[in-house]
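Fold and geometry: a report
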Amino acid sequence: MKYVIGIDIGTSAVKSVLVSAEGKVVCEHSESYPLHRPEPGWSEQNPEDWADRTIASLRRLMEKSEADPADVEGLSFSGQMHGLVLVDSKGKVLRPAILWNDTRTTQQCRKIEKTLGSKLLDIARNRALEGFTLPKILWVQEHEPEILSQADLFLLPKDYVRYRLTGSLGMDYSDAAGTLLLDVANKVWSSEIAEAFDLPLSLCPQLVESSELTGTLLPEVAEAAGLLPSTRVFAGGADNACGAIGAGILGEGKTMCSIGTSGVVLSYESRKDINPQGKMHFFNHGEENAFYVMGVTLAAGHSLSWFKDTFAKEASFDHLLEGIEAVPAGSGGLLFTPYISGERTPHADADIRGSFIGMDSGHTLKHFARSVMEGITFSLRESIDIIRQSGKDITEVTAIGGGALNEVWLQMQADIFNANIIKLESEQGPAMGAAMLAAYGCEWFSSLAECAKVFIRPAKTYSPDPEQAEVYSGLFGIYQDVYGQTKDLNERLAAYRK
Ligand SMILES: Nc1ncnc2c1ncn2[C@@H]1O[C@H](COP(=O)(O)OP(=O)(O)O)[C@@H](O)[C@H]1O
Ligand SMILES: O=C(CO)[C@@H](O)[C@H](O)COP(=O)(O)O
């Protein structure tokens, strides 16, 4: 039996899957790591935690599966996007990584817009958002110049882990697209953007394709991970690009919805010359010379995990959501907006915060839990609508991420999106996509699409219930009004956020 391994460096944990040549996930293992919030709006992780937990996760995967290490032909990565890792010329990390959901960089975003004007959308194809990497580099330039002056390279989370496992440095196009330093259509670093902010182009790592061979495991890493030093390591991609591969979003007309820490609605795009004018993200795919458009809910799964940790800490997700189907659609008039860390799509607003509207003395913990799930899903529906308005037909959506573990949530997605929802055998889309990149890199298949025919296993389809869809359609209008009605209140409350 031969295998590949996919590793997803998520925000909450690293997840590893061992996948057979038939595309079956024979074993999976997850190791979590902390997220630090030293100031309101900041979000940091220690890159060493990612590397350490990845090696531990590989060791446990090999021990649990009892697979022969000689049968593991290759591995690859998926990683949370945009996080800034600065390393010196010896590869030493210079400060904690600043993550995708850190919103300290509003001023730097305004500076980017002012300096580049329309060139930003022409070259990087995306607007300046707090989560992206260039604003983070400019924040370090302004607030910690002594750190930036020591930096030899910037890396993204999975690139740092790959470097620690193989000793080789590089970044793939799908992740580079989320930095705002890439000329997305032409697949080169933009000297124009770098020069505009006095950044040397040498700060940007060598660019590679996601399926490119980048080396083999360092002997000491191989020993610690229970693998062979000859194991081939392929570059990998952004978690959303890998999620797209793992969900089979490999052709026009295909759409996925991922509910991880963030929430994402993503549609395949083959044209490199479209410019969504910043309404949606537009990034390079992990498939060569393909792209995708995407909308992001900053706190999707995070809203539910925040709710659980705050109000039902001892409960598991399954326990918290047990019986949730008995609460009617609309949660008895309780409406939640998932803006607990600000929002991206359609409201690029780092200052907005969440609300529960319509609290009633009859509401129970279950009403609140259901309204959190509904609010998250309404937010994702806003991205579905923008993609539909751009001319794409969305009748079927593949669901991945931790949120796809709950059947009621899958049905809710069908009802709120008014589309069929496909659940796959494994919800581990990004890790599966990384495993597929390794399988393609190992030349088991002639293309990712051929690999998808074998590796992607639909398990169940959820179709919209017309009555529920009708109820949700009415509520969606009310949901959409909450942003405008709470914006000013939240701006006034911002002074009290300490
Ligand atoms: N059993 C479950 N039912 C519903 N939602 C779940 C369940 N388990 C996890 N989740 C949701 O999935 C999220 C984690 O998803 P995951 O894809 O692992 O995230 P990430 O890749 O960002 O680390 C949690 O924040 C939670 O909201
Ligand atoms: O910022 C984005 C995409 O632009 C996020 O989607 C991150 O890539 C993190 O993803 P998860 O940890 O939620 O999978």
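Residues numbered from 1 in each chain as written. Chains lettered and ligands numbered in written order. Predicted model: local features only at pLDDT ≥ 70, side-chain atom pairs only at ≥ 80, totals over all residues. Heavy atoms only, no water.

Quick notes on the overall build of the protein
Which entries qualify depends on this criterion: Only DSSP runs of H or I reaching four residues or more are called helices, and only runs of E reaching two or more are called strands; each is numbered from the N terminus. Every radius of gyration here is taken over C-alpha atoms, with the globule rule written as 2.2 Å times N^0.38, N being the number of residues. Note on classification: 1.4 Å probe, protein chains only; a residue is buried when its accessible area is under 20% of the maximum for its type, exposed when over 50%, partly exposed between these limits. Contact between two residues is taken to exist if any of their heavy atoms lie within 4.5 Å; hydrogens are not considered. The Shrake-Rupley method, run with a 1.4 Å probe, gives the accessible areas here. Residue values count only the displayed protein chains as cover.
Within the protein one finds 17 helices and 23 strands. Taken over the C-alpha trace, the protein has a radius of gyration of 22 Å; the compact-globule value for 498 residues is 23 Å, and the two agree within 12%. Its C-alpha atoms give the protein principal-axis dimensions of about 60 × 55 × 45 Å. Here the protein holds 498 residues, and the buried ones make up 62% of them. In the protein, the proportion of contacts linking residues at least 24 apart, taken out of those at least 6 apart, comes to 72%. Of the accessible surface of the protein, which amounts to about 18700 Å², a share of 49% is contributed by carbon and sulfur atoms.

Considerations on the side chain of His281
Applied cut-off: Two N or O atoms form a polar contact when they lie within 3.5 Å of each other; inside protein one atom must be a possible hydrogen donor and the other a possible acceptor, and for residues adjacent in sequence the pair counts only when both atoms belong to side chains.
Position of His281 among the secondary structure elements: in strand S17 (residues 281-284). A polar contact of 2.9 Å, which involves the side chain of His281, links it to the side chain of Arg344. Those residues in contact with His281 that lie beyond four places of it in its chain are Asn126, Leu129, Phe132, Tyr292, Val293, Met294, Val296, Arg344 and Thr345.

Quick look at helix H4 (residues 133-143)
Along H4, 8 of the 11 residues are buried, which leaves the element largely enclosed by surrounding structure. Those residues of H4 lying buried are Thr133, Leu134, Pro135, Lys136, Ile137, Leu138, Trp139 and Val140. Check the buried side of H4 and you find it contacts strand S6 (85-87), strand S7 (97-98), helix H2 (106-116), helix H5 (145-150), strand S8 (153-155) and helix H8 (191-196).

Some points on the pairing of strand S3 (residues 25-32)
The criterion, for reference: The rule for pairing is simple: two strands pair if DSSP sees at least two bridges between them.
Pairing analysis gives 7 bridges linking strand S2 (residues 13-20) to S3, with the strands arranged antiparallel. Note on S3: the bridge partner recorded for Lys15 is Ser30. Where S2 folds back on S3, the antiparallel hairpin that results is connected by 4 residues, among which Gly23 adopts a positive phi of roughly 85°.

A few points about the nonpolar core
Looking at soluble globular proteins, one finds that nonpolar side chains tend to be buried together. Here is the rule: Residue types Ala, Val, Leu, Ile, Met, Phe, Trp, Tyr and Cys, when buried and joined through side-chain atoms within 4.5 Å, form a set referred to as a nonpolar core.
Phe154 and Phe455 are the most contacted members of the largest nonpolar core, which has 133 residues in total. Here this core gets 10 residues from one element, more than from any other, and that element is helix H13 (residues 365-389). With near-sequence residues (within four places) excluded, Phe455 lies in contact with Val4, Val19, Ser20, Ala21, Glu22, Gly23, Met432, Met436, Ala439, Trp444 and Phe445. Residues Ala97, Tyr160, Val221 and Ala222 belong to the second largest nonpolar core, which totals 35 residues.

Remarks on the site of ligand 2
Applied cut-off: Throughout this document, a residue counts as near a molecule or strand when at least one of its heavy atoms sits within 4 Å of that molecule or strand. Note that Gly is not counted as nonpolar here; it falls among the polar residues with everything else outside the nonpolar set of Ala, Val, Leu, Ile, Met, Phe, Trp, Tyr, Cys and Pro and the charged set of Asp, Glu, Lys and Arg.
Near ligand 2 lie 14 residues; those nearest to it are Thr11, His82, Asp239, Ser262 and Arg344. Here an oxygen atom of ligand 2 and a side-chain polar atom of Thr11 are 2.5 Å apart. The separation between an oxygen atom of ligand 2 and a polar side-chain atom of His82 is 2.6 Å. Among the residues forming the shell around ligand 2, the class breakdown is 4 nonpolar, 8 polar and 2 charged.

Observations concerning the pairing of strand S21 (residues 396-400)
Rule in force here: Seen with the strands pointing away from the viewer, any crossover whose path from the first strand over the helix to the second strand runs clockwise is right-handed.
In terms of burial, S21 is a largely internal element, 4 of the 5 residues being buried. Taken together, the 3 bridges between strand S15 (residues 255-259) and S21 define a ladder with parallel strand orientation. In the strand pairing of S21, Ser258 is matched with Ile400. Examined bridge by bridge, S21 and strand S22 (residues 420-424) share 4 bridges and lie parallel to one another. Across the sheet, residue Val397 finds its bridge partner in S22, namely Ile421. Taking the sense of rotation as the criterion, the β-α-β connection linking S21, helix H14 (residues 407-417) and S22 turns out right-handed.

Examining the UniProt feature "domain: Carbohydrate kinase FGGY N-terminal" (unreviewed entry) in the protein
Spelled out, the test is: UniProt positions are given in the numbering used here, feature names are shortened, and annotations may be inferred rather than shown by experiment.
Following the UniProt record, the feature "domain: Carbohydrate kinase FGGY N-terminal" (unreviewed entry) maps to residues 3-246 here. For residues 3-246, helix accounts for 36% and strand for 25%, while the C-alpha atoms at its two ends are 16 Å apart.

Considerations on the sheet that holds strand S23 (residues 458-462)
Our working rule: The axes used here are C-alpha line fits, helices contributing only the stretch in contact, and every angle between their N-to-C directions lies in the interval 0 to 180 degrees.
Spatially, 7 strands are ordered S17-S18-S16-S15-S21-S22-S23 in an open sheet, and the strand pairing comes out mixed. Edge strands, defined here as strands with exactly one partner in the open sheet, are S17 and S23. Averaged over all pairs of adjacent strands, the angle between strand axes in this sheet comes to 30°, irrespective of strand direction. Bridge count for strand S16 (residues 263-269) against strand S18 (residues 291-297) is 7 bridges, and the pairing is antiparallel. Of the residues in S18, the one forming a bridge with Ser267 is Val293.

Topic: the packing of helix H10 (residues 239-246) against helix H15 (residues 429-441)
The condition is simple: Geometric relationships in this document are graded by angle, where less than 35 degrees denotes roughly parallel, more than 145 denotes roughly antiparallel, 65 to 115 denotes roughly perpendicular, and other angles denote oblique.
The contact between H10 and H15 brings their axes to 6 Å, and the two run at 80°. Between H10 and H15, the interaxial angle falls into the category roughly perpendicular. Contacts between H10 and H15 involve Asp239, Cys242, Gly243, Ile245 and Gly246 from the former and Gly429, Pro430, Met432, Gly433, Ala434, Met436 and Leu437 from the latter. Of the residues in the contact of H10 with H15, the class split is 7 nonpolar, 4 polar and 1 charged.

Focus: the packing of aromatic side chains
Applied cut-off: Stacked, tilted and edge-to-face pairs are distinguished by plane angle, under 30 degrees for stacked and over 60 for edge-to-face with tilted covering the rest, among Phe, Tyr and Trp rings (Trp via its six-membered ring) whose centres lie within 6.5 Å.
One pass over the full model with this rule turns up 19 aromatic pairs. With centroids separated by 6.5 Å and ring planes inclined at 15°, the aromatic side chains of Trp306 and Phe336 adopt a geometry described as stacked. Of this pair, Trp306 sits in helix H11 (residues 301-311) while Phe336 sits in strand S19 (residues 335-337), and the two are 30 residues apart along the sequence. Among the residues examined, Phe336 registers a relative accessible area of 1% and is labelled buried.

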